[in-house]
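# Per-entry structural report
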Amino acid sequence: MTLEIEQLLHRERLPHIWCAGCGVGIVAGAFLRAVLDLGLKRENTVVVSGIGCSSRAAGYIDLNTVHAIHGRALPVATGIKMARPEFTVIVLTGDGDGAAIGGNHLIHSCRRNIDLTCILFNNQIYGMTGGQFSPTTEPGDIATTAPYGQFEPPFDLCRLAEAAGATFVARGTAANIRQTEKLIKQGIQHCGFSFIEAVVPCPTEYGRRNKPAKAVDMLEAERARSISKTKAARLSPEELRDKIVTGVLYEDTQKPEFQRTYAEVSAGVRAQVGRRFAEEDEK
Amino acid sequence: MSGQNTETLAVTGNEAAAEAMRQIDPDVVCAYPITPQTEVVQLYAQMVADGKVSSEFVTVESEHSAMSAVIGAAAGGARTMTATSSQGFALMWELLFVASSYRLPIVMTTVNRALSGPINIHCDHSDSMGGRDSGWIQLYGENHQQAYDNCIQAVRIAEHLEVRLPVMHMYDGYVISGAIGPLVMLSDDQVQDFIGPFTAVNPLLDPKRPVTVGPFDGLHGWYFEHKVAQNRAMDRALKVIQDVADEYGELSGRHYGLFEPYRLDDAEIAIVVVGSTAGTTRLVVDKLRAKGVKAGMIRMRVFRPFPHAAYASALEHVKVVGVLDRADSFGAQGGPLFLEIRAALYDNDPRPQVLPFIYGLGGRDIFPDNIEQAFAVLEKAAQEKGRTSTGRRYLNLRED
């Protein structure tokens, strides 16, 4: 059986490196279905990734892809978007890549509201390097650099993105992949900085040191913990503890998009300078 | 010395480095995971968590922060260590200069790995060679034992009052870091006695003597003199490195120099090589010697400060020297070690020929046959009249 998304994969590079039970491939699949559904063209769609398990996706995707260095996918994507504003530019990153080493770029991309779509695969761990805690590891959970439990508080990345100025903020899970696919589509269609956090299980580096341990159980737990924004609004902070609030969490269609503002300012300055030269010529 | 430990352990190179760190037990360790260094930090995290060491362990959000944090800790008067590889090393680059110019005796384990791009996680020396002008002392190890021995000696060298410069010690990613090899350790007490207690020099946290570290002192300030002072410390480090090695030799029975010659005394052709490839080269030297070829070698250990006079004297009788670089300097006449060796021999009379070889970039295998090919080039050059082209020769490069 050939899946439709295989037309967007470098099949000669398969099998992929992701472990059995990993949620990255599930979300990467959803992204590719979104690309097909939206009818994005290969010639003007660019995927940029950093370093880590989720960022490896760029290596398998047969679109224009840049596998950049650790933490720097967003600045690379920003450069591409500024040079070719008509391109659809999507960033695939993870919690370590996007929120730790590249965290600075994340908040500034949000602040500028540049028309990029950032899909951050949150597996709450550095998977590729062997399970060190990340800025989204839950307190008390075990990581190789926190053998007796993480004691630093984690980021709520969606709240961070909203506060920093992103105009489309959503959260989905690998467990509810249809919803996540829909959120990715909405994010790509949104004009402005779209931040989509995709919560994915990492049974190898997270599950086996924490509970639940098995891939299916992790997905089940993700599903059980998920709650819609509407339902979440009725719960107290205490009741919301351990819940994964999903759906579109914030949307603003009014805030000016960076590239467009830049083009307007640029055109205005050119016109002004042109007038001045014309006046000087008359003199 | 009596009471020497002779038990041989089977460990990975990273385990060897982590064990050295455990015995040193620095005050502060800050690090960020990167392949193939990760295991060092991970093992150390476990030691911290298990109370086997008393270090403050900070897992920061990038290598830039890791080096910044150890600089802060060292300026505050703490004995500090970190570890990295490749892109992590590159991300630290800006801070490397800050650490050395503040004269902070930080010790860093660098597990050598290629730099992007394309992304490559395997061994070459591009990362640390890129930091050769950063003012750090550089020690390169060949194997597991040297990863351990260099790490311990690095503390003494860095903290020596004649030096006070940061030291990085290197070993090959995967080939040493991940492979299992033999290690003989000192006892914990021996290491503690050897390194001694840490003495902070002009630390920040002395309320009776407040200091400012690294301020802008204007166009007419002392920046230039400061740099000269750094370089003088580098010069003094040569003797300190040897003194520390001699003392360590007394203690451990393992003796180190600034470099390690092998069958060099009557050699007509010789290879200078860094890291784990020295082991392979030694085998080839033996094989050629058995055939009557006067082949020899030097394993480079100390790259900064570069002991140029010692090389000039060690290689003065050699007709042709081949330098094996596991890093390239694009657009230069050859790799970084080649350039140093060639410059070091310039004043020799007669002046040996020095030929550049590049090998093993991005983890490309280097086989005994490849090193024999290099020796064959040297042998031919030694027999020919006139001087041979100094164009790069690549070992085990695929045909187009």
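Here we summarise the structure given alongside this text. (Residues numbered from 1 in each chain as written. Chains lettered and ligands numbered in written order. Predicted model: local features only at pLDDT ≥ 70, side-chain atom pairs only at ≥ 80, totals over all residues. Heavy atoms only, no water.)

## Observations concerning the overall build of chain B
- The helix and strand inventory of chain B stands at 12 helices and 15 strands.
- On C-alpha atoms alone, chain B measures out to a radius of gyration of 21 Å, which is about the 21 Å that the 2.2 N^0.38 rule sets for 400 residues.
- Each principal axis of the C-alpha atoms in chain B carries an extent, and together these give about 70 × 55 × 45 Å.
- In chain B, which comprises 400 residues, the share counted as buried stands at 57%.
- Working note: accessible area of chain B is about 16700 Å², and carbon and sulfur atoms make up 53% of it. (Helix = DSSP H or I, 4+ residues; strand = E, 2+ residues; numbered from the N terminus. Rg over C-alpha atoms; globule rule 2.2 N^0.38 Å. Buried < 20%, exposed > 50% of the residue type's maximum accessible area, 1.4 Å probe, protein only. Areas by Shrake-Rupley, 256 points an atom, 1.4 Å probe, with all protein chains shown as cover.)

## Let's talk about the layout of surface pockets
- Of the volumes computed, that of the largest pocket is approximately 1200 Å³.
- Residue lining of the largest pocket: 41 residues in total, with Glu138(A), Arg225(A), Asp242(A), Lys243(A) and Ile244(A) positioned closest to the centre.
- Going through the elements one at a time, α6 (157-164), β7 (168-173), β8 (194-199), α8 (215-225), α9 (229-233), α10 (237-240) and β10 (244-251) of chain A are the ones with two or more residues in the lining of the largest pocket.
- When grouped by side-chain class, the residues that make up the lining of the largest pocket number 21 nonpolar, six polar and 14 charged.
- In this structure, the second largest pocket occupies an estimated 810 Å³ of space.
- What lines the second largest pocket is a set of 38 residues, among which Ile51(A), Gly52(A), Arg56(A), Met128(A) and Ile121(B) lie closest to the centre.
- The set of elements that each furnish at least two residues to the lining of the second largest pocket consists of α2 (57-60), α4 (95-101) and β5 (125-126) of chain A together with α2 (38-49) of chain B.
- Considered class by class, the residues forming the lining of the second largest pocket number 16 nonpolar, 15 polar and seven charged. (1 Å grid on protein atoms, 1.4 Å probe; cavity = no way out; pocket = protein on both sides within 12 Å on 5 of 7 lines; lining within 4 Å. Points joined across faces, edges and corners; volume = space filled by probe spheres on them. Nonpolar A, V, L, I, M, F, W, Y, C, P; charged D, E, K, R; others polar.)

## Some points on the packing of helix α6 (residues 144-159) of chain B against helix α7 (residues 188-195) of chain B
All names here are of chain B.
- Between α6 and α7, whose axes approach to 9 Å, the crossing angle comes to 35°. Along its contact with α6, which presents Tyr148, Ile152, Gln153, Val155 and Arg156, the element α7 presents Val191, Phe194 and Ile195.
- Across the contact of α6 with α7, the residue classes tally to six nonpolar, one polar and one charged. (Axes fitted to C-alpha atoms, helices over the stretch in contact; angles between N-to-C directions. Contact = heavy atoms within 4.5 Å.)

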